[in-house]
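Structural description and commentary
Now for the letters of each chain:
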Amino acid sequence: MLSCIAEVRVTPILISDPPLLNLQGVHQPYTPRTIVEVITGSGVVGIGETYGDTDYLNIAQAFGPELIGGELTVNDLPARVAACTERVGAQRIDNTVQAEGLRGSRSMTKIALSVSSAFEVAIWDALGHELGLPVHALLGGKVRDAVEYSAYLFYRWAEHPEPDEPKDTWGAALDPEGVVAQAKRMADDYGFSSFKLKGGVFEPAQEVAAIRALAEAFPGQPLRLDPNGAWSVATSLEVAAQLEGVAEYLEDPTTGTSNMAQVAARTSLPLATNMCVTSVDEIAEAFRTDAVQVVLSDHHYWGGLRATQDLAAVCRAFGVELSMHSNTHLGISLAAMTQVAATIPGLRYACDTHRPWQTEDVITEPHTFSGGKLAVTDTPGLGVELDRDSLAKLHKRWQESEVRTRDDAAAMRRVHPDWTAPAFPRW
Ligand SMILES: O=C([O-])C(=O)C[C@H](O)[C@@H](O)C(=O)[O-]
Ligand SMILES: [Mg+2]
């Protein structure tokens, strides 16, 4: 007989983040995350992680206690979190804006699923510990022993504007030479052999030049460019023509399924997305119109690991490839990504990860990449352990700070006071 859930803890934290540039602006020095702990009657602890912005945190804090006394089951979580979201005042959520402009359209359902994902992962982890099995075994078993990740390259400043803000040793990358230097360090330190450049920051010609410089520095290695929908259909087609035979795919060159379909119809370069296929109701139109050839799944978006497997099955049915998207995240989410990626057949594109950019973590032994891959652990649950000192320190930072959301445009205004997030298409 499995133990029931005896306690749930929801802890907001602030983690440091480097000054990475994107279409919307720049990453803040500190960004919020939510850490979830599900504790069973036998004392087992399962952990999960998701966004920490206020809309997400409020729902997570309201929902956590509803699990107490219940069983370690995941199938009813999305519906239960959605019902809780209604009660928490989801009517305040503006469904019309593009969340951070980087994630596609925003909706209450998507926010609820992102919250649900943290509880789902925590329950899988707890179940794994209760049964002495790794999460991948609970999900049906692994089909690979290691998961390959791609280097996630960013244009960036050397430092945040204020002297007492977090620093790292990567230096600036504001031109093709800087991007290549960053890629070389990613290859040397982590063994990554495919590279994605976050675009939408400079004029397309400069970003094409950076991809060409990468192709020269890393001949034959897979390259991707992701401007988060910054380009018109015409610009996307110009870039596609220049990168055919150079890049392995273009990621969200333009905004919206119909624009993506127009681009896809006139280039041989595959199009990937983490913006126009981010929920079940967006799949049909995108697949029917052949708008995307690679869906970048994200267990935070889709509601967890089971939902990621479901998405993989739908993609298989339509001959669409699957890979993984990543946003600023810590080791709990990386462990979850690795466990589910291990179970998905035919994953032929390396998954994204922001992990090398994070200097902090809440697990006792942060992951080590070898040859750009993470080994799939067979230890029970997710195979990672919560570092309570670190969690307490990062929670204290949250308590002492006024930062409650990630706002890349506001962070950019500290340096360029006239900055506003650009209208689509930017170019
Ligand atoms: O692939 C993507 O679109 C992303 O990773 C979105 C992220 O939010 C990224 O652009 C970032 O953190 O600046
Ligand atoms: Mg993307």
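Residues numbered from 1 in each chain as written. Chains lettered and ligands numbered in written order. Predicted model: local features only at pLDDT ≥ 70, side-chain atom pairs only at ≥ 80, totals over all residues. Heavy atoms only, no water.

Our focus in this paragraph is the overall build of the chain. Along the chain, the regular secondary structure elements total 14 helices and 14 strands. Relative to the 2.2 N^0.38 estimate, which gives 22 Å for 427 residues, the radius of gyration of the chain is 20 Å and therefore close to what a compact globule would have. With respect to the principal axes defined by its C-alpha atoms, the chain has extents near 60 × 50 × 45 Å. Across the 427 residues of the chain, 59% fall into the buried class. Split by element, the accessible area of the chain, about 15800 Å² in all, is 52% carbon and sulfur. (Helix = DSSP H or I, 4+ residues; strand = E, 2+ residues; numbered from the N terminus. Rg over C-alpha atoms; globule rule 2.2 N^0.38 Å. Buried < 20%, exposed > 50% of the residue type's maximum accessible area, 1.4 Å probe, protein only. Areas by Shrake-Rupley, 256 points an atom, 1.4 Å probe, with all protein chains shown as cover.)

With that settled, the discussion passes to the side chain of Ser 114. In this structure, Ser 114 sits in helix α3 (residues 108-131). Under the relative-accessibility criterion, Ser 114 is labelled buried at 0%. The contact partners of Ser 114, leaving out residues within four places of it in the chain, are Thr 50, Tyr 51, Tyr 56, Arg 103, His 300 and Tyr 301. (Contact = heavy atoms within 4.5 Å.)

What follows deals with a nonpolar patch on the surface. On the surface, a nonpolar cluster with roughly 230 Å² of combined accessible area is contributed by Leu 2, Leu 131 and Leu 133. Considering the arrangement of structural elements, one finds Leu 2 in the segment before β1 (5-16). Relative accessible area serves as the criterion here: at 37%, Leu 2 is assigned to the partly exposed category. (Patch = residues over 30% accessible without salt bridge, like charges linked within 9 Å, V, L, I, M, F, W, Y side chains within 5 Å. Salt bridge = Lys/Arg side-chain N within 4 Å of Asp/Glu carboxyl O.)

One pass over the structure, following the stated rule, counts 23 salt bridges. The closest approach of N and O atoms between Glu 282 and Lys 110, which form a salt bridge, is 3.0 Å. You can see Glu 282 sitting in helix α9 (residues 280-288) and its partner Lys 110 sitting in helix α3, a full 172 residues away along the chain. Grouping residues by exposure puts Glu 282 and Lys 110 together as buried. Between Arg 224 and Glu 248 there is a salt bridge; the shortest N-O distance is 2.6 Å. Taken as a pair, Arg 224 in strand β8 (residues 223-226) and Glu 248 in the loop between α7 (233-243) and β9 (249-251) lie far apart in primary sequence, 24 residues in all. A network of salt bridges, in which partner residues are shared, links Lys 196, Lys 198, Arg 224, Asp 226, Glu 248, Glu 251 and Asp 352.

So, about helix α1 (residues 54-63). Of all the positions in α1, only Asp 55, Tyr 56, Leu 57, Ile 59, Ala 60 and Phe 63 are classed as buried. Considering only its buried residues, α1 is in contact with β1, β4 (30-40), β5 (45-51), α2 (77-87), α3 and α13 (388-400).

With numbering aligned to this structure, UniProt lists the feature "domain: Mandelate racemase/muconate lactonizing enzyme C-terminal" (unreviewed entry) at residues 176-270. Strand forms 12% of residues 176-270 and helix 51%; the C-alpha atoms that close the span are 23 Å apart. (UniProt positions renumbered as here; feature names shortened; annotations may be inferred.)

We now examine the site of ligand 1. Looking at ligand 1, there are 16 residues lining it, with Asn 22, His 27, Tyr 152, Lys 196 and Asn 228 nearest. One of the side-chain N or O atoms of Asn 228 is found 2.8 Å from an oxygen atom in ligand 1. Within the side chain of His 325, a nitrogen or oxygen atom sits 3.2 Å from an oxygen atom of ligand 1. Burial of ligand 1 by the protein amounts to 100% of the accessible area it has alone, namely 330 Å². (Near = heavy atom within 4 Å. Polar contact = N/O pair within 3.5 Å; in protein donor to acceptor, adjacent residues only side chain to side chain.)

Another aspect to go through is the packing of aromatic side chains. A full pass over the atoms with the stated rule returns 13 aromatic pairs. With 5.0 Å between their ring centres and 35° between their planes, Tyr 51 and Tyr 56 make a pair best called tilted. Take Tyr 51: its relative accessible area is 5%, and that puts it in the buried class. Relative accessible area serves as the criterion here: at 3%, Tyr 56 is assigned to the buried category. Measuring from ring centre to ring centre gives 5.3 Å for Tyr 249 and Tyr 349, while their planes differ by 70°; the resulting arrangement is edge-to-face. In this pair, Tyr 249 sits in strand β9 while Tyr 349 sits in the loop between α12 (331-341) and β13 (351-352), placing the two residues 100 residues apart along the sequence. (Phe/Tyr/Trp six-rings, centres within 6.5 Å; stacked < 30°, edge-to-face > 60°.)

Turning our eyes to something else, we now look at the side chain of Arg 156. As for its placement among the helices and strands, Arg 156 is situated in the loop between β6 (146-154) and α5 (176-190). A distance of 3.1 Å separates a polar side-chain atom of Arg 156 from the backbone oxygen of Gly 171. When residues no more than four places from it in sequence are discounted, the contact partners of Arg 156 are Pro 18, Pro 19, Leu 20, Leu 21, Asp 168, Trp 170, Gly 171, Ala 172, Ala 173, Leu 174, Gln 182 and Trp 357.

In this structure, the amide linkage connecting Phe 424 to the following residue, Pro 425, adopts the cis form with an omega of -10°. Mapping Pro 425 onto the fold places it in the segment after α14 (408-413). One non-glycine residue, Asn 228, lies in positive phi territory at about 50°. Exposure remark for Asn 228: the relative accessible area of 1% places this residue in the buried category. Although it is not a glycine, Asp 252 adopts a positive phi angle of roughly 40°. Mapped onto the fold, Asp 252 is located in the loop between β9 and α8 (257-264).

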